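Geometric and topological summary
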Amino acid sequence: MKLNENISKEDRKMLNGIFWRSFTVFASRAGATKAHAPGFIYSITPALNRYYKDDPEGRREAMMRHTTWYNITQNVGTFVMGLVASMEKKNAQEKDFDAESIVALKTSLMGPLSGIGDSIFWGVIRVIAAGVGISLAAQGSILGPILFLLIYNIPSILTRYYLTYMGFSLGSSFIEKIYANGSMKILNKAASTLGLLMIGSMTASMVKFESKLSVPIAGGKPILIQTYLDQLFKGLIPLSITLLCYWLLSKKVNVNWILLGVLVLAIILGLLGVV
Amino acid sequence: MYREAFLAALTVFVCYGGNWLFGQTMIERPLVVGCIAGIIFGDMRAGIIMGASLEAIFMGAVDIGGALSAEPVTATVLATTFSIVLNVNEKAALALAVPIGVLAAFISMFMKNVVMNLFAPLVDKYAKDNNPRAMAIMHYSMWFINYFVFSLITFFSVLEGAKPVQHMINSIPDNLMAGLSATGGLLPAVGFAILMRMLWSKKLAPYFFLGFIMVAYLNLPSVAVAALGIILVLVISFKDKQLLDMENKQKELEKRPVAAAGTGASNNETAEEQEEEDFFS
């Protein structure tokens, strides 16, 4: 990508500073009201130091405006950090710049960016990485955890890096554009499709149920219920239980109750001698 | 037991704290934590296998927007410790991991959202003082305090909990044990359901079932499913892009006649002329 062509050397140094500091953005959490504000301020400090070098009052005001609640999927959030850096630059240069718009834009981007970031990185890349990792690790191979880390982190860190520069050079108009021309929709659909395919495949390989129940036949070998179930549809019970959990979740049942419910169900089945 | 307790707590601190200090690089996931705990307690293979089973269970336990359903690090470390050090049956250790994870998540949320609120006024103060240095120091101190206190839970659980847990597990009857083993097989369902909530739409639902059949009947390994999935998604996206371009063009065409209604006739003429020229050339 040719993103850093028009960026001066000092600005590049500052953006690299933001990139490295952004790794710690979620290290602290200042309660439910501010969340990761300290991490955000710490991450954009290189920008504040650079543009308010001779203006301590300006830097003070900038720090104060960023003490509000902050939370964006962290490797996508660098886009906003770059964007904020470019706006703070403008604010330092132009006397009549509306400083409030910086916070307004930052806040308005949190929802959409986290939505995309969570579904691509949590829902797809991590699921693929874990799928590959689990299948190797289940045989005791150390390649499992190693590949898992590589498959997730390489795209994640590259995204973190390029979005820092993109936020700085492209600015807010870019997000509006890809929303308006529909590219965002295609990206979202592709991510969800791949994610669902992987989750389906992992439901088949990882959700397991086997019944020990058998029907005794006079004079012959008893017939296992499980054989019937498999003939009907392979993995019928795991699939139904997964879909049931999904249905309960969509009815806004608390996750912990569902976890407990599955736990209790399995134990009862065990006590009854079904499994 | 002091040594084991200390090592287990250290693993939690390094993996959980480290994950959030180094950009959520996934070193807090059971796959990695199990491997590290295995190395520390001298049985890497057992740790990796334990991690693989727990990864499936905690797949959906993701920290999105600070709302955590189950905390995988403490659960994995304790399950691996119990399994390797105390020789607890692997299946039973897995079943224990789930309630531990839910409880740990509760404590973690309490720490991060309630206890750490103490620092919120300081954030405002250091901003007002124009003091980024103090802000940075506080940022890192909060990290240390939170994860240090949190890893103490593991320390005391191993120290105090080891004997009662061993005793309890020895006295579990067989059919209850079978039930506990079955939980390990069924719990991943909850995790996948949580992920499905994020991605599901009626139009895309068939892909979930396609993925299921690819493994249940075709026995494809997950790398193959991922590769086929990427090809499929690319093909669909190219088609979608084509459709989108056509739609955008159509929209532009619909707009144009209104804007250029007066010049419509002459436009037609030039278009015809153009066509003739193209024909003869």
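Residues numbered from 1 in each chain as written. Chains lettered and ligands numbered in written order. Predicted model: local features only at pLDDT ≥ 70, side-chain atom pairs only at ≥ 80, totals over all residues.

**So, the overall build of chain B**
Note the following rule: By definition, any uninterrupted DSSP run of H or I lasting at least four residues is a helix, any uninterrupted run of E lasting at least two residues is a strand, and each is numbered from the N terminus. Around each residue's C-beta, the other C-beta atoms within 10 Å are counted; 20 or more make the residue buried, 12 or fewer make it exposed, and counts in between make it partly exposed. All C-beta atoms are placed from the backbone.
Tallying secondary structure elements over chain B gives 12 helices and 0 strands in all. Beginning at the N terminus, the succession of helices and strands in chain B can be written as α-α-α-α-α-α-α-α-α-α-α-α. Burial status across chain B gives 45% buried among its 281 residues.

**Some words on the environment of Asp245 of chain B**
Residues and elements named next belong to chain B. Inspection of the secondary structure assignment puts Asp245 in helix α11 (residues 222-259). Assessed through the 12 C-beta atoms surrounding it within 10 Å, Asp245 is described here as exposed. In sequence terms Asp245 and Gly185 are 60 residues apart; their C-alpha atoms lie 46 Å from each other.

**Considering the nonpolar core**
Worth spelling out the cut-off: Nonpolar cores are built from buried Ala, Val, Leu, Ile, Met, Phe, Trp, Tyr and Cys residues. These are joined into a set through C-beta atoms within 7 Å. By definition, residue pairs are in contact when their C-beta atoms, positioned from the backbone, come within 7 Å.
Ranked by size, the top nonpolar core spans 157 residues in total, and within it Ala79, Ala97 and Ala189 of chain B carry the most contacts. With 15 residues, helix α6 (residues 100-137) of chain A is the single largest residue contributor to this core. Not counting residues up to four positions away in its chain, the partners in contact with Ala97 of chain B are Leu54, Ala75, Thr76, Leu78 and Ala79 of chain B.

**A word on the interface of chain B and chain A**
Interfaces are often sized by the accessible area lost when the parts come together. Here is the rule: Residues are grouped as follows: Ala, Val, Leu, Ile, Met, Phe, Trp, Tyr, Cys and Pro are nonpolar; Asp, Glu, Lys and Arg are charged; all remaining types, including Gly, are polar.
Counting residues at the interface gives 93 residues for chain B, matched by 98 residues for chain A. Counting residues per element, the side of chain B that touches chain A draws most heavily on α11 of chain B, at 13 residues. In terms of residue class, the side of chain B that touches chain A is made up of 64 nonpolar, 21 polar and 8 charged.

**Topic: the domain arrangement of chain B**
Note the cut-off: Domain boundaries shown here were taken from an automatic or database domain assignment.
Per the domain assignment, the segments making up chain B are domain 1 (1-199) and domain 2 (201-252). Taken over C-alpha atoms, the centre of domain 1 of chain B sits 35 Å from the centre of domain 2 of chain B.

**Looking at the UniProt feature "transmembrane region" (unreviewed entry) in chain B**
Residue and element names in this part refer to chain B. The test is simple: UniProt positions are given in the numbering used here, feature names are shortened, and annotations may be inferred rather than shown by experiment.
Here, UniProt's "transmembrane region" (unreviewed entry) annotation points to residues 27-44, 56-86, 92-115, 136-156, 176-195 and 207-236. What you have in residues 27-44 is 67% helix and 0% strand, and the ends, taken at the C-alpha atoms, are 16 Å apart. Taken end to end, residues 176-195 is 95% helix and 0% strand, and its two terminal C-alpha atoms sit 30 Å from one another.

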